[in-house]
Each structure stands twice: as structure tokens, then as C-alpha cells.
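Below, each chain spelled out in residue letters.
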Amino acid sequence: MRRWRIQPTAGTVLSAAIVGDVLAGVATPHLAASCLAAMHRVMPVTFCTVFAVDATGRIEAVSAASSYGTTAERTTERYVAQRFDLLDPNMTWLASRKLPKRSQLWLGHQRADEVADPAYRAACYGDVGIRERASVLLLTPAGQRVAVSFYRSLAQPEFDATDFAKIEGHATLLADATLAHGRSAVGTREAVAPALASGLLTLSLREREVIGHLLAGKTAKQVARDVGIELTTVRTHQYRAFRRLGIRTQKELLLRVTQEAP
């Protein structure tokens, strides 16, 4: 397991397509999917997860995406529900550090066989065929901890120096997008207890998108207009999502956020 400081290079020019991919996910339930799509333009990766935790250890933002199916989303649901962030070497290492005067970036590399806890190792690596992860890590003066991680499966080659250089080149963009997401209306509303965060991860991408807008206080009609779908379609996604979350109305959804927030 390795970590090293990232020193942003002044004047670095990033691909407009990659920047567009990442920024498209800010303030939506699809931040990890946007980061995954951006990284796919320069290198192969299987999963992407995005976590932001405040200085008190409260999970502020959670997002996950898979190159296929919903494996990353289901794995991240277990991570949140079982509070593996308390065992995650990246998060515990960031929490142990003295708060910096300026935000600091690192790149972390971890292989599956380096994870000490067997339950955590099985859930996030062994059971889903993941070989390793490379993570952009951020610690802010306010104590916020951010990890944007990219995973490779056993079927893919190991990360090498070229891959690390590509991730480092986009680290500032990825970290800034995650912080902006956390400050957004959707990100703020998603700063909930693990139980509700876990529930949100069980929804389909479209259901999460609709719920994200509802959490921001929009009506179903406004969601239909903003997303560009029929009102009846919004109602269908809303009904399915509410049923999975165990609620009946938008008022209950917002109340649950308020009640579960620490």
C-alpha cells in the first residue's frame, strides 16, 4: 500500500471531453458514473467510487458506478451499511493527519491482499473480483476527507506508472468536482445517515436522479421538465423508489433526511 503527494502542475490542459464528463455529474446522483466515463477515455477501469466525509466522520456524499451491471453500487451499499469507512486505510489515514493550512492531494494505491480486515477485503475486493484500486485523496483545512477511487478487476492489467500519471493529471478536477457536489443542493440533501444513503444506492440510476431532484425540493412537474421526461414517467420512478425506501410521500422523504441527520 502506497501513498504519495500530488503536486498540481500549473498550466495543465485537460481534455474538454473529460472535463465535460466529470462536471456533468456534479449535483446529480451520477457523479461516479461521470468520473468513470471520463477515466475510460484514457485508461481501462472497472469501478469508480466517490466518498466525502466531514470532520466529524459524517458521510456527506456517496456515489458508485460500474462498467457493467450494478456491482459497484451493491458493493458500496455494503461499504456504507457496515461502516467499512472506519476500516478503510485511506479514510483512517486521512483522519489521523494534522489538518493542513491548504488543501492537500495524494494518490493512494492499494492491492486486495493488503487489506487487513477479512470482511472488508471480501466485500469490496474478493467477492467482486477486484484486484486493486488507485485513489485520489483530498484533505481540506476544514477536515473534509475525499476519496475518488478507480478499481481494476482480475481480468485487467495492474496499474503502472503511466496509469498513475494519468490519474494524477486529473486529480484536481476530480477532487474539486466532489467538493462542489457536496456543496450542491443534491449533495447537501444526500448528507444523510448510512441507512438512507444505503437505501439510495439500491435504486436504479433514473430512480436516483428523480429522488435527487425531489430531495432538492422540486415538484414532480419540475423534475419532468428538468430531466426531459414525461410526468407519468417521473411518477413511475418516484413510486418505485419510494416503495424501495419504505416511504409514501415526498414529505416523508424530506422528514427522514432531517430525522436521520446527526
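Check the entry above for the structure.
What you see is a predicted model, and the numbers here were worked out from it, not measured in a lab.

Basis of the calculations
Residues numbered from 1 in each chain as written. Predicted model: local features only at pLDDT ≥ 70, side-chain atom pairs only at ≥ 80, totals over all residues. Heavy atoms only, no water. Salt bridge = Lys/Arg side-chain N within 4 Å of Asp/Glu carboxyl O. Helix = DSSP H or I, 4+ residues; strand = E, 2+ residues; numbered from the N terminus. Buried < 20%, exposed > 50% of the residue type's maximum accessible area, 1.4 Å probe, protein only. Arc of directions from axis to C-beta. Pairing = 2+ DSSP bridges. Core = buried A, V, L, I, M, F, W, Y, C linked by side-chain atoms within 4.5 Å. Axes fitted to C-alpha atoms, helices over the stretch in contact; angles between N-to-C directions. Parallel < 35°, antiparallel > 145°, perpendicular 65-115°, else oblique. Left-handed = near helix turned anticlockwise from the far one by under 90°. Contact = heavy atoms within 4.5 Å. Nonpolar A, V, L, I, M, F, W, Y, C, P; charged D, E, K, R; others polar. Phe/Tyr/Trp six-rings, centres within 6.5 Å; stacked < 30°, edge-to-face > 60°.

Q: Lay out the pattern of salt bridges with the relevant residues and their values.
A: Counted according to the given criterion, the structure contains eight salt bridges. Its salt-bridge partner being Asp88, residue Arg133 comes within 2.5 Å of it at the nearest N-O pair. Taken together, the residues span a long stretch of sequence, with Arg133 in strand β5 (residues 130-139) and Asp88 in the loop between α3 (71-81) and α4 (89-96) at a distance of 45 residues. Asp88 shares its class with Arg133; the two are buried. Residue Arg111 pairs with Glu158 through a salt bridge whose shortest N-O separation is 3.7 Å. Taken as a pair, Arg111 in strand β4 (residues 104-111) and Glu158 in the loop between β6 (145-153) and α6 (161-169) lie far apart in primary sequence, 47 residues in all. You can call Arg111 partly exposed: its relative accessible area is 32%. Looking at Glu158, the relative accessible area reads 39%, which means it is partly exposed. Taken together, the salt bridges that share partners define one network made up of Arg111, Arg131 and Glu158.

Q: Go over helix α11 (residues 220-227) with me, naming the residues and quoting the values.
A: Every buried residue of α11 is accounted for by Ala220, Val223, Ala224 and Val227. Seen end-on, α11 carries its buried residues on one side only, within an arc spanning 100 degrees. Pointing more than 90 degrees away from the buried face of α11 are the exposed residues Lys221 and Arg225. Where α11 terminates, the next one or two residues include Gly228, which has phi positive at roughly 85 degrees.

Q: Hey, could you go over the environment of Ala33 for me, with residue numbers and the actual values?
A: Looking at the secondary structure, you find Ala33 in helix α2 (residues 31-40). Note on Ala33: relative accessible area 27%, which makes it partly exposed. Along the sequence, Ala33 and Val22 sit eleven residues apart, while their C-alpha atoms lie 8.6 Å from each other.

Q: Could you give an account of the pairing of β5, naming the residues involved and the relevant values?
A: Across the ten residues that make up β5, a large majority, nine, are buried. The pairing of β4 with β5 spans eight bridges and is antiparallel. Bridged to Gly108 within β5 is Ser135. With nine bridges connecting them, β5 and β6 associate as antiparallel partners. Paired with Val136 across the bridge in β6 is Val148. Linking two consecutive strands that pair antiparallel, namely β5 and β6, is a turn of five residues; a positive phi of about 95 degrees is found at Gly143 within it.

Q: I'd like a description of the environment of Phe51, backed by residues and values.
A: With respect to the helices, strands and loops of the structure, Phe51 is situated in strand β2 (residues 47-53). According to the relative accessible area criterion, Phe51 is buried, its value standing at 7%. Between the C-alpha atoms of Phe51 and Gly182, which are 131 residues apart in sequence, the distance is 9.8 Å.

Q: So, the nonpolar core: which residues are in play, and what are the values?
A: The nonpolar side chains of a soluble globular protein tend to be buried with one another. With 32 residues, the main nonpolar core has Cys48, Val136, Val148, Phe150, Ile167 and Leu174 as its most contacted residues. Of all the secondary-structure elements, those providing two or more residues to this core are α1 (16-24), α2, β2, β4, β5, β6, α6 and α7 (171-183).

Q: Give me the lowdown on the packing of α1 against α2, citing residues and values where you can.
A: The N-to-C vectors of α1 and α2 enclose an angle of 165 degrees; their axes lie 7 Å apart at closest approach. The orientation of α1 with respect to α2, classified from their angle, is roughly antiparallel. For the pair α1 and α2, the sense of crossing is right-handed. Between α1, through Ile18, Asp21, Val22 and Ala24, and α2, the contact on the second element is made entirely by Leu31, Ser34, Cys35, Ala37 and Ala38. Classifying every residue of the contact of α1 with α2 by side-chain character gives seven nonpolar, one polar and one charged.

Q: So what's going on with the packing of aromatic side chains? Residues and values would help.
A: The relation between two aromatic rings is expressed through the spacing of the ring centres and the mutual angle of the planes. Counted by the stated rule, this structure contains eleven aromatic pairs. Aromatic side chains Trp4 and Phe164 sit 5.2 Å apart centroid to centroid with 80 degrees between the ring planes, which places their arrangement in the edge-to-face category. Taken as a pair, Trp4 in strand β1 (residues 2-5) and Phe164 in helix α6 lie far apart in primary sequence, 160 residues in all. Among the aromatic side chains, those forming a connected cluster through ring pairs are Phe47, Phe51, Tyr68, Tyr79, Phe84, Tyr120, Tyr125 and Tyr151.

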